[in-house]
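In case you want the letters, here they are:
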Amino acid sequence: MADLHFYFDPVCPFAWMTSKWVRTVARQRAYDVDWRFISLRLLNAHVDYDSHFPPEYEAGHTSGLHLLRVAARTRAEHGAAAVGPLYEALGRHVFEDPAGQPPPERATSREFLDTVLGEAGLPADLASAVDEDSWDDGIRAETDEALGLTGRDVGTPILHFEPPEGVAFFGPVISRLPSEEEAVALWESVVHLARFPGFAELKRSLRERPQLPAFGVTEDEVGVQEDWHGGSRRLKR
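Note that this is a predicted model, so its numbers are computed, not measured.

### Topic: the sheet that holds strand β3 (residues 158–161)
Through backbone hydrogen bonds, the strands of a sheet pair up, either in parallel or in antiparallel fashion. Pairing is mixed in the open sheet, where four strands are placed in the order β2-β1-β3-β4. Of all the strands in the sheet, the pair left with one neighbour each is β2 (33–37) and β4 (168–170). With direction set aside, neighbouring strand axes in the sheet form an average angle of 20 degrees. Together, β1 (4–8), β2 and β3 form the strand contacts of helix α1 (residues 13–29), whose direction differs from that of β1 by roughly 155 degrees.

### With respect to the layout of surface pockets
Within this model, the largest pocket holds a volume of roughly 990 Å³. Counting residues per element, the ones that place at least two in the lining of the largest pocket are α8 (136–150), β4, α9 (180–195) and β5 (206–208). The residue makeup of the lining of the largest pocket, split by class, is 19 nonpolar, nine polar and eight charged.

### Focus on the pattern of salt bridges
Overall, the coordinates contain 17 salt bridges when judged by the stated rule. In this structure, the salt-bridge partner of Arg36 is Asp34, at a minimum N-O distance of 3.0 Å. Judged on exposure class, the residue Arg36 and its partner Asp34 are both buried. Between Arg110 and Asp114 there is a salt bridge, with its nearest N and O atoms 2.9 Å apart. Of the two residues, Arg110 and Asp114 both sit in helix α7 (residues 110–119), four residues apart, roughly one turn of that helix.

Conventions adopted
Residues numbered from 1 in each chain as written. Predicted model: local features only at pLDDT ≥ 70, side-chain atom pairs only at ≥ 80, totals over all residues. Heavy atoms only, no water. Pairing = 2+ DSSP bridges. Helix = DSSP H or I, 4+ residues; strand = E, 2+ residues; numbered from the N terminus. Axes fitted to C-alpha atoms, helices over the stretch in contact; angles between N-to-C directions. Contact = heavy atoms within 4.5 Å. 1 Å grid on protein atoms, 1.4 Å probe; cavity = no way out; pocket = protein on both sides within 12 Å on 5 of 7 lines; lining within 4 Å. Points joined across faces, edges and corners; volume = space filled by probe spheres on them. Nonpolar A, V, L, I, M, F, W, Y, C, P; charged D, E, K, R; others polar. Salt bridge = Lys/Arg side-chain N within 4 Å of Asp/Glu carboxyl O. Buried < 20%, exposed > 50% of the residue type's maximum accessible area, 1.4 Å probe, protein only.

What follows is the structure, encoded as structure tokens:
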């Protein structure tokens, strides 16, 4: 039984930053994480992207759905344990390159995926799932599963603590990666909140751009603050 269900979209920088924190805690506490899927593209299927989001969002969210297809096939053929290494390899190539994030067409290309899958110790033929919409129903069901735990006015990541009985929240959303020592202390504070019956929300929509090389923000810099809504930089509420 996993200690935590972590629902991620591979193109969300805040999900990636939180996943790095969770991995830091897991290494120190033998924490078992089940990496699950939530698609920002499917979550926002009812939204008119042209009027509600910055222009690059639709292509970015769509590429996230396509990458989740690869993750879904990976889990189906190699088990849930293979998803974590795949997500870790994807995140490194999407967010840790100082040259910037790869454009959606590159992030879903066979060349890009061959590299990612190789680093994760997985066969390259899994990349063909990127164009197979037969995986979308399962991803949609898991997205609905996550939203059923939190409500719909959320983004990614969603963390389900001590499943199946425990509570789930959108976030925590962090822009800076805690040190090894800070990571556990911060995590324990979050878990204490999650265990309190009736605790629902502690929210701040102002966020710093995350300290990620692809965003041009180093570990000794503070990213520019931006106002987010429902987990995204929507142009309309």
